[in-house]
Amino acid sequence: MELQTVNAVTPHTPADPVSALGSTIQIGIEGMTCASCVRRVEKAIASAPGVARASVNLATQRAEVTFSGKPELAPVLAAVSAVGYEARADTIELAIEGMTCASCVARIEKALKKVPGVAEANVNLATERATVRIVTGAAEADALEKAVAAAGYGARQILPDAGEDRERDGRETEIRVLGRSLALAALLTLPVFTLEMGSHLVPAFHHWVMMTLGDWNWRLQFVLTTIVLFGPGLRFFRKGMPALLRGAPDMNALVALGSGAAWAYSIVATFLPGVLPAGTANVYYEAAAVIVTLILLGRTLEARAKGRTSEAIKKLVGLQPKTARVVKNGITVDVPLAEVRVGDMVMVRPGEKIAVDGEIVGGSSFVDESMMTGEPLPVAKGLGAEVVGGTINSTGSFSFRATKVGSATLLAQIIRMVEAAQGSKLPIQALVDKVTAWFVPAVIAAALLTFGAWLFLGPEPALSFALVNAVAVLIIACPCAMGLATPTSIMVGTGRAAEMGVLFRKGEALQTLRDATVIALDKTGTLTEGRPELTDFVVTDGFVEADVLRLVGSVEARSEHPVAEAIVRAAERRGLVLADIKDFEAVPGFGVSAAVEGRKLEIGADRLMTRLGLDISMFASAAARLGDEGKTPLYAAIDGRLAAIIAVADPIKASTPAAIAALHALGLKVAMVTGDNRRTAEAIGRRIGIDEIVAEVLPDGKVDAVKRLGQHGARVAFVGDGINDAPALAAADVGIAIGTGTDIAIESADVVLMSGDLRGVANAIALSKATIRNIGQNLFWAFAYNIALIPVAAGVLYPFSGTLLSPMLAAGAMALSSVFVLTNALRVRRFQPPIDGRPRADQFSGPVPVI
């Protein structure tokens, strides 16, 4: 492998553009059935005043709305309603404290109504409760509580079930309603189908029907079919006909037109046969009834499959315990999770789930954090250790002080990240949106053209042929499959990623990551453990080692850099008492300086010594040796004299070599971006198989390094964990943050690895490729299905083979197309990461000292 090394030039950090956009909220939408619905709702919301951008997802039934300024929800809800859909709403109950009169009620109601997402707020003085109706997904109970607190009152959410999943409950209700409708439709359709099709297939049965029922045969079919269409099938007419009248037909309109046309024609043939041309008085009740029944079957299977796509969210919600053991006035009581507040003392017994995030103040134990980090072994926790809500206590018992509750907990943030990623759109969806904008109108036009062609050019009975084929065209077309092709795969892919400890904060990163060609890795804390140790400390003539180490450790105690921590730990292990310092100053990329006991100390890299005008040539051979060993030499100067050369070593993470090998196996180029000098960087690169080194990069030069790696069309994914990595994470095509890093780095990233294991990068890329491949399969099926079967439904094969597609078969094929897309998307749940499990002892022999 050829190792390339690039020395970074002095960087110029461009000013980050400031987004002019306001807040973004998610709104649950009811009534969407196909891609045309998505397009219609999206356009309606985008046209509402104050909306900067709108993105609607069919699989999650949500709209993500970004406002240009202060969120104004009323115009958005009105726009959604105007195109025939409704926003989902939830009701939150709050217990209010401190109210004394009617003016208090008015003040609280006014405060609640100002919270974005609140549709209605009613406060009852007698019961001391507030009932708040919020748009699903647009507001959190915490925001309501804070609004009431800001108005000078106390508020506490009242929840019957702290672990409830409203979307899951809504989905289960939808499945139950669809199931009942399907059962009724099937029960009524069966005799209609038997009477009509049985008569065609079995002459003896036809003779029996005519002798027994006579003219009442068609009338009985009329009654049963009418109940099917305007009972279980009424939903298609309620949604489809208004959409048709607005000039914006959707999938419901196609079903309503197709089944309604067959039903209406059959009524004329039944009760007014004389108005039809001779030989055309036929009934198609069975077609109308079977169409509705099969579409309902497809919708039911679709709803069940959609529920399975959100299994990851269900699992995450299930991690939350429903109650917590809180110490109140010296007594331990079980309280609902929603009633736990910051500062509460919480008791945890062996085997229990930890309720919220907090800090241990008493006791100790081992905690299973595998659901967060993916690490299988329990982690020791003692006084001062942080614990995370949803993780499981193993053997001991302890008490902790709650530091984050409700939506602020890490688990709640993870759930929001997954939900946001599942509700986003990929760039590939733009193609689908363009097609679906004209698809349904084009299908109606094709059906009219089919009707006309058969009526004027077809054989007798031309009217019957025209009607049957036009209805088949209306029913066979399936924008449902087109609309579900992308979002269902995103839901399943991001959910599977969450189970693997990979969080896609932005759904579009799924597609962008697939195209990455260069993986740029920060070193400290990413490739390495981020906890270096002092390995070499050599002083010049005239200085005493212990004295210099004490002075250097005193200065470094004020720094948060891992190298500084290593030096301080070494001084403390030797029992050296650190001194107070003055005038501490940190110069990023160079080092630190301070005054200690009246002496001026300056500690840093060789470039700092050069800036001070000090000659470090006496340590040239030592520096070269340290560099060859993969160590970073630092220097200390006291009162303007070179006093010591210092070296620290930061062990490479045990998983790093396997991760880099996996990235190479995926055909990716791996680069390391580091502030180390060239010799040290090359030593590290050779040991762990890095392809390209970008060395001597100052903290603010990582953005330029990323841009340089991205020249000539390369797509760069940058992996980092520190505050100084945030600009590079944002500048890269895809930013991947190590979850054990800082909040700023995580907020700047597109993808978050919950553990510090770099193997997650290879797994995320492999999953990205698998998900995009799955989306491609879905889109191919959705488009190929329509391209192939619409002409068949129109009857193009009839002149050659006499083949026509029955409207009933068309309905069955349409239903199956959506189920096929959903079933194919669910295959992503079985994705297996290319590298899994803990690293073997033989994967890497001995620590590699790097910093």
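Residues numbered from 1 in each chain as written. Predicted model: local features only at pLDDT ≥ 70, side-chain atom pairs only at ≥ 80, totals over all residues. Heavy atoms only, no water.

Engineer: Outline the overall build of the protein, supporting the account with residue identities and numerical values.
Structural biologist: Helix and strand counts for the protein stand at 29 helices and 31 strands. Split into buried and exposed, the 851 residues of the protein put 54% on the buried side. Of all intrachain contacts in the protein linking residues separated by at least 6 positions in sequence, the fraction that spans at least 24 positions is 71%. Total accessible area on the protein stands at roughly 35,800 Å², and carbon and sulfur atoms take up 58% of it. (Helix = DSSP H or I, 4+ residues; strand = E, 2+ residues; numbered from the N terminus. Buried < 20%, exposed > 50% of the residue type's maximum accessible area, 1.4 Å probe, protein only. Contact = heavy atoms within 4.5 Å. Areas by Shrake-Rupley, 256 points an atom, 1.4 Å probe, with all protein chains shown as cover.)

Engineer: So, helix 4 (residues 141–150): which residues are in play, and what are the values?
Structural biologist: Residues of helix 4 that are buried: Ala141, Leu144, Glu145, Ala147 and Val148. Each buried residue of helix 4 lies within a common arc of 160° when the element is viewed along its axis, so the set occupies one face. Exposed side of helix 4, more than 90 degrees from the buried face: Lys146 and Ala150 are the residues found there. Gly152 sits one or two positions beyond helix 4 and adopts a positive phi of about 100°. (Arc of directions from axis to C-beta.)

Engineer: Break down a nonpolar patch on the surface for me, with residues and values.
Structural biologist: On the surface, Phe271, Leu272 and Val275 cluster together into a nonpolar patch covering about 310 Å² of accessible area. Among the secondary structure elements, Phe271 is positioned in helix 9 (residues 251–271). The exposure class of Phe271 is partly exposed, given its relative accessible area of 40%. (Patch = residues over 30% accessible without salt bridge, like charges linked within 9 Å, V, L, I, M, F, W, Y side chains within 5 Å. Salt bridge = Lys/Arg side-chain N within 4 Å of Asp/Glu carboxyl O.)

Engineer: Explain the nonpolar core to me, using residue names and the numbers behind them.
Structural biologist: Within soluble globular proteins, side chains that are nonpolar tend to cluster in buried spots. One finds Ile45, Phe504 and Ile519 to be the most contacted residues of the largest nonpolar core, which totals 140 residues. Ile45 has contacts with Val51, Ala54, Val56, Ala63, Val65, Val76, Ala79 and Val80, leaving out every residue within four places of it along the chain. With 28 residues, the next largest nonpolar core counts Ala566, Val592, Leu601 and Ala643 among its residues. (Core = buried A, V, L, I, M, F, W, Y, C linked by side-chain atoms within 4.5 Å.)

Engineer: Help me get a handle on the pattern of salt bridges, residues and values and all.
Structural biologist: Counted according to the given criterion, the structure contains 17 salt bridges. Arg341 is the partner of Glu145 in a salt bridge, and the nearest nitrogen-oxygen pair spans 3.5 Å. Taken as a pair, Glu145 in helix 4 and Arg341 in the loop between strand 11 (331–336) and strand 12 (345–348) lie far apart in primary sequence, 196 residues in all. Note that Asp522 and Lys702 form a salt bridge whose closest N and O atoms lie 3.0 Å from each other. Of the two residues, Asp522 is situated in strand 20 (residues 518–522) and Lys702 in helix 24 (residues 702–709); the sequence distance between them amounts to 180 residues. Lys702 sits in the buried class, given a relative accessible area of 7%.

Engineer: Help me get a handle on the environment of Gln26, residues and values and all.
Structural biologist: Inspection of the secondary structure puts Gln26 in strand 2 (residues 24–30). Residues Gln26 and Ala139, 113 residues apart in the sequence, show an inter-C-alpha distance of 8.6 Å. A polar contact of 2.7 Å, which involves the side chain of Gln26, links it to the side chain of Arg62. Reaching out from Gln26, the side chain makes a polar contact with the side chain of Glu64 at a distance of 3.4 Å. (Polar contact = N/O pair within 3.5 Å; in protein donor to acceptor, adjacent residues only side chain to side chain.)

Engineer: Describe the UniProt feature "transmembrane region" (unreviewed entry) in the protein, naming the residues involved and giving the relevant values.
Structural biologist: In the numbering adopted here, UniProt assigns the feature "transmembrane region" (unreviewed entry) to residues 177–198, 218–237, 253–276, 282–301, 435–457, 463–486, 779–798 and 804–826. Along residues 253–276 one finds 79% helix and 0% strand; the C-alpha atoms at either end are 26 Å apart. Between the end C-alpha atoms of residues 804–826 the distance is 33 Å, and the span holds 87% helix and 0% strand. (UniProt positions renumbered as here; feature names shortened; annotations may be inferred.)

Engineer: Break down helix 24 for me, with residues and values.
Structural biologist: Among the eight residues of helix 24, six are classified as buried, and the element is accordingly described as predominantly covered. Every buried residue of helix 24 is listed here: Lys702, Val703, Asp704, Ala705, Val706 and Leu709.

Engineer: I'd like to hear about the sheet that holds strand 4 (residues 62–67), residue by residue, with values.
Structural biologist: The antiparallel open sheet is built from four strands, whose spatial order is 3-4-2-5. Of all strands in the sheet, those bounded by a partner on one side alone are strand 3 (51–57) and strand 5 (86–87). Taken together, the five bridges between strand 2 and strand 4 define a ladder with antiparallel strand orientation. Paired with Gly28 across the two strands is Arg62, which belongs to strand 4. Contacting strand 3 and strand 4, helix 1 (residues 35–46) crosses the sheet at an angle of about 165° to strand 3. (Pairing = 2+ DSSP bridges. Axes fitted to C-alpha atoms, helices over the stretch in contact; angles between N-to-C directions.)

Engineer: Would you mind going over the sheet that holds strand 7 (residues 118–124) in detail, with residue names and values included?
Structural biologist: Read across the sheet, four strands follow the order 7-8-6-9 without closing on themselves; strand pairing throughout is antiparallel. Where the open sheet ends on each side, the last strands, each with one partner, are strand 7 and strand 9 (154–158). When the angles between neighbouring strand axes are averaged without regard to direction, this sheet yields 25°. Of the strand pairs in this sheet, strand 6 (residues 89–97) and strand 9 are connected by five bridges, and their pairing is antiparallel. What sits directly across from Glu97, in strand 9, is Gly154. The strands touched by helix 4 within the sheet are strand 6, strand 7, strand 8 (129–135) and strand 9, with strand 9 carrying the most contacts at an inclination of about 155°.

Engineer: Help me get a handle on the environment of Thr450, residues and values and all.
Structural biologist: Along the polypeptide, Thr450 turns up in helix 14 (residues 429–457). Spatially, the C-alpha atoms of Thr450 and Pro791 are 9.4 Å apart, while their sequence positions differ by 341 residues. Setting aside chain neighbours within four positions, we find Thr450 in contact with Asn469, Ala470, Val473 and Ala794.

Engineer: Any chance you could break down the environment of Ala644 for me, citing the residues and the numbers?
Structural biologist: Of note, Ala644 is situated in strand 26 (residues 641–649). Taking the C-alpha atoms as reference points, Ala644 and Ile603, 41 residues apart in sequence, are found 9.4 Å from one another. Sequence-distant contacts of Ala644, that is, excluding residues within four places in its chain, are made with Phe537, Val538, Val539, Val548, Phe619, Leu634, Tyr635 and Ala636.

Engineer: Requested: an account of the packing of aromatic side chains, with residues and values cited.
Structural biologist: Considering all chains together, one arrives at ten aromatic pairs under this definition. Geometrically, the ring pair formed by Phe230 and Trp263 is edge-to-face, given 5.1 Å between the ring centres and 70° between the ring planes. Pair noted here: Phe230 is in helix 7 (residues 216–230) and Trp263 is in helix 9, with a separation of 33 residues, a long-range link. On the basis of relative accessible area, Phe230 is assigned to the partly exposed category, the value being 36%. A ring pair is formed by Phe619 and Tyr635, whose centres lie 6.4 Å apart and whose planes are at 40°; its orientation type is tilted. Of this pair, Phe619 sits in the loop between helix 20 (606–612) and helix 21 (620–628) while Tyr635 sits in strand 25 (residues 632–638), and the two are 16 residues apart along the sequence. The class of Phe619 is buried, set by a relative accessible area of 8%. Ring pairs connect the aromatic residues Phe222, Phe271 and Tyr285, which therefore count as one cluster. Over the aromatic face of Trp216 sits the side chain of Arg219, whose NZ or CZ is 5.1 Å from the ring centroid. Positioned above the aromatic ring of Phe590 is the side chain of Arg611, whose terminal nitrogen or guanidinium carbon lies 3.9 Å from the ring centre. (Phe/Tyr/Trp six-rings, centres within 6.5 Å; stacked < 30°, edge-to-face > 60°. Lys NZ or Arg CZ within 6 Å of the ring centre and 35° of its normal.)

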